[in-house]
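# Residue-level structural notes
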Amino acid sequence: SQPILGELTASQLTPDSVQLQWSVPEGTFDSFTLQYRDAQGEPQVVPVDGGARTLTVPGLSPSHRYKFNLYGVWGRKRLGPVSTDIVTGEGAGDVSPAPEVEEPPSQPILGELTASQVTPDSVQLEWSVPEGTFDSFTLQYKDAQGQPQVVPMDGGARTLTVPGLSPSRRYKFNLYGVWGRKRLGPISTDAITGEGAGDVCVSDLAPAPDEEEPSSQPILGELTASNVTPDSIQLEWSVPEGTFDSFTLQYRDAQGQPESLLVDGGARTLTVP
């Protein structure tokens, strides 16, 4: 049942791009991840749809050696990598006297990032793109426990509601625009979430604070494992009281890499493949 990654090959080399192709001899992947370093040595990560078998990588530098590593994502497992090395062609600047005429207008521009509709547990973010088009966006912030959170978004998005925040807490949000293989930005904004509903109830009903708070905070029950197979496990948990907005499952894979899985607040079971 575990899919197999075939060979990664490169074709259609130009001074600033390369086309990569790969095969999947057996099975199906949920998605792929391409990793490489740009001409400045900065790591680049490109998510690719599981149905794709080819990818054009633009924004490369002429006469430069690149190593591309492709991973297949299957459930919570990352398989691979398969790799290939290429050297881009010589710069077109020798042939075309004015390459700079092409670049400036084509690079998109990130506008301002603003926060609105701030509640005790969520915030709505909006941003603009005054010029050009981005392939995608990435929002980064740290949750109340200081854990980094990364939210990928489609390039057509201009607004995002971030749920699962903690009341009366300052958050800094960084938004990056992904254009080709470049990551532009960030643009940033700070937001302070509102006071929790429990705090409001306490101030309005001072004589009985103990009756208000416990009922508003949900309780996590026991986590149990069942249906254990050589490559998967089913987890179940209960919520004896209240409702959670979402759950986060964290574990380390066989290679010791940390994995984090976001689960809907209504879920009570999860199969980890």
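A brief look at the structure comes next. Worth saying up front: this structure is predicted, and the values here are computed from it rather than measured.

With antiparallel pairing, three strands are arranged side by side in an open sheet as β8-β9-β12. Each having just a single partner strand, β8 (113–116) and β12 (159–162) make up the two edges of the open sheet. When strand polarity is set aside, the average angle formed by the axes of neighbouring strands in this sheet is 25°. In this structure, β8 lies alongside strand β9 (residues 123–127), joined through four bridges in antiparallel fashion. If you follow Ser116 over to β9, its bridge partner there is Gln124.

So, about the sheet that holds strand β5 (residues 54–57). Strand pairing in a sheet is mediated by backbone hydrogen bonds. Such pairs are either parallel or antiparallel. With antiparallel pairing, three strands are arranged side by side in an open sheet as β1-β2-β5. Pairing within the sheet leaves two strands with one partner each, and these edge strands are β1 (8–11) and β5. When the angles between neighbouring strand axes are averaged without regard to direction, this sheet yields 25°. Alignment of β1 against strand β2 (residues 18–22), held across four bridges, turns out to be antiparallel. The residue bridging Leu8 from the neighbouring strand is Trp22, located in β2.

With that settled, consider the nonpolar core. Ranked by size, the top nonpolar core spans 23 residues in total, and within it Trp22, Phe32, Leu34, Tyr36, Val57, Phe68 and Leu70 carry the most contacts. Breaking this core down by element, the ones donating at least two residues are β2, β3 (31–37), β4 (43–49), β5, β6 (65–74) and β7 (77–87). Sequence-distant contacts of Leu34, that is, excluding residues within four places in its chain, are made with Leu20, Gln44, Val45, Val46, Leu55, Val57, Phe68, Asn69 and Leu70. With 21 residues, the next largest nonpolar core counts Val123, Phe137, Leu175 and Leu184 among its residues.

For the structure shown, the criterion picks out 10 aromatic pairs. When the ring of Tyr36 is compared with that of Phe68, the centres are 5.1 Å apart and the planes differ by 50°; the resulting orientation is tilted. Taken as a pair, Tyr36 in strand β3 and Phe68 in strand β6 lie far apart in primary sequence, 32 residues in all. Look at Tyr36 and you get buried, because its relative accessible area is 4%. Relative to Tyr171, the ring of Tyr141 has its centre 6.4 Å away and its plane inclined at 70°; by these criteria the two rings are edge-to-face. Highlighted residues: Tyr141 in strand β10 (residues 136–142) and Tyr171 in strand β13 (residues 170–179), separated in sequence by 30 residues. In this structure Tyr171 comes out as buried when scored by relative accessible area, which is 2%.

Here Trp74 is to be found in strand β6. In sequence terms Trp74 and Thr28 are 46 residues apart; their C-alpha atoms lie 7.8 Å from each other. Once residues within four sequence positions are removed from consideration, Trp74 is found in contact with Ser1, Gln2, Pro3, Thr28, Phe29, Asp30 and Asp231.

What counts, and where the lines are drawn
Along each chain, the written sequence defines residue order, and numbers are assigned to residues from 1. Per-residue local features of the predicted model are confined to residues with pLDDT of at least 70, and side-chain atom pairs are confined, for both listing and counting, to 80 or more; whole-chain, interface and lining totals are unaffected and use all residues. By convention in this description, side-chain values take in all heavy atoms of the structure and omit both hydrogens and water. DSSP bridges decide pairing: two strands pair if at least two such bridges lie between them. Secondary structure follows DSSP: runs of H or I at least 4 residues long count as helices, runs of E at least 2 residues long count as strands, and numbering of each begins at the N terminus. Axis lines are fitted through C-alpha atoms, for helices just across the contact stretch, and the angle between N-to-C directions can take any value from 0 to 180 degrees. Remark: nonpolar core denotes a set of buried residues (Ala, Val, Leu, Ile, Met, Phe, Trp, Tyr, Cys) joined through side-chain atoms within 4.5 Å. Only protein chains enter the calculation, and the probe is 1.4 Å; a residue is then buried if its accessible area is under 20% of its type maximum, exposed if over 50%, and partly exposed in between. Only heavy atoms matter for contacts: two residues are in contact if any of them lie within 4.5 Å across the pair. Side-chain rings of Phe, Tyr and Trp, where Trp is taken by its six-membered ring, are said to pair if the distance between their centres is within 6.5 Å; with planes under 30 degrees apart they count as stacked, over 60 as edge-to-face, and otherwise as tilted.

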